[in-house]
Amino acid sequence: CRMEDVVVPSGNERELAEMAKRLGYESIVFLYPFSRVPKAVPDVVLPAKRAVLCDAEQIRVAKERAELVFVESSEEDRLVVERKVVPDVMVGLERVMVKERLHQRSSNLDEVAARQYHEKGVRIGVSLRVLFSVAGAERARLIGRIQQNASLARKFGVGMFVASFARTVDEMRSAHDVASFERVL
């Protein structure tokens, strides 16, 4: 498994890539908002990919601007994966703000969606930055949702990965720590 981190740069690509190399990553993905995707990936110390975070209506154009297309999860997830042109990665499925059921976590991933993700080749991305931005019961709830999503992803053969989604070098985590967290899921 090739260790790759996803980061959200703001002119600090070089520093993020240098830290990623020191933390044990073999490559890096620079995730840019749709409004400011650069023409090319800056020259950095690791192999790098350009990715864009967009909404459902921008996927087709985003596919022309970057190697990978990420879409933030929303109530429209099912419509997003039913389209002809789908994103490469859906992120934030665990952040849906719905009341939990007694025996099941609320999330934007269910068996029907998991089947569609598998058929269309859409992967699920989990952000450590979001996970570490909350504490206590809210963090426990997010971890529970992530574990439920991981279980569904395994059951239906959906690719799932954890990355830092760091904006600064201080938010980055070592490749070993990220791999350990993925194994626990």
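Residues numbered from 1 in each chain as written. Predicted model: local features only at pLDDT ≥ 70, side-chain atom pairs only at ≥ 80, totals over all residues. Heavy atoms only, no water.

A. Region of the structure containing the pattern of salt bridges. Tallying each qualifying case throughout the model produces seven salt bridges. Between Glu 4 and Lys 49 there is a salt bridge, with the nearest N and O atoms lying 3.3 Å from each other. Of this pair, Glu 4 sits in strand 1 (residues 4–7) while Lys 49 is found in strand 3 (residues 48–54), placing the two residues 45 residues apart along the sequence. Relative accessible area serves as the criterion here: at 24%, Glu 4 is assigned to the partly exposed category. Among the ionic pairs, Glu 171 bridges to Arg 129, the shortest N-O distance being 4.0 Å. Of this pair, Glu 171 sits in the loop between strand 7 (160–163) and helix 7 (175–184) while Arg 129 sits in helix 5 (residues 128–132), and the two are 42 residues apart along the sequence. (Salt bridge = Lys/Arg side-chain N within 4 Å of Asp/Glu carboxyl O. Helix = DSSP H or I, 4+ residues; strand = E, 2+ residues; numbered from the N terminus. Buried < 20%, exposed > 50% of the residue type's maximum accessible area, 1.4 Å probe, protein only.)

B. Just the pairing of strand 4 (residues 68–72), in detail. Judged by how many residues are buried, strand 4 sits mostly within the fold: four of five residues are covered. In terms of strand pairing, strand 3 meets strand 4 through four bridges, oriented parallel. Along strand 4, the bridge assignment pairs Ala 51 with Leu 68. Where the polypeptide runs from strand 3 across helix 2 (residues 59–65) and back to strand 4, its parallel neighbour, the crossover connection is right-handed. When strand 4 meets strand 5 (residues 89–91), the two strands line up parallel, connected through three bridges. Following the sheet pairing, Phe 70 is matched in strand 5 by Val 89. (Pairing = 2+ DSSP bridges. Right-handed = clockwise from strand over helix to strand, strands pointing away.)

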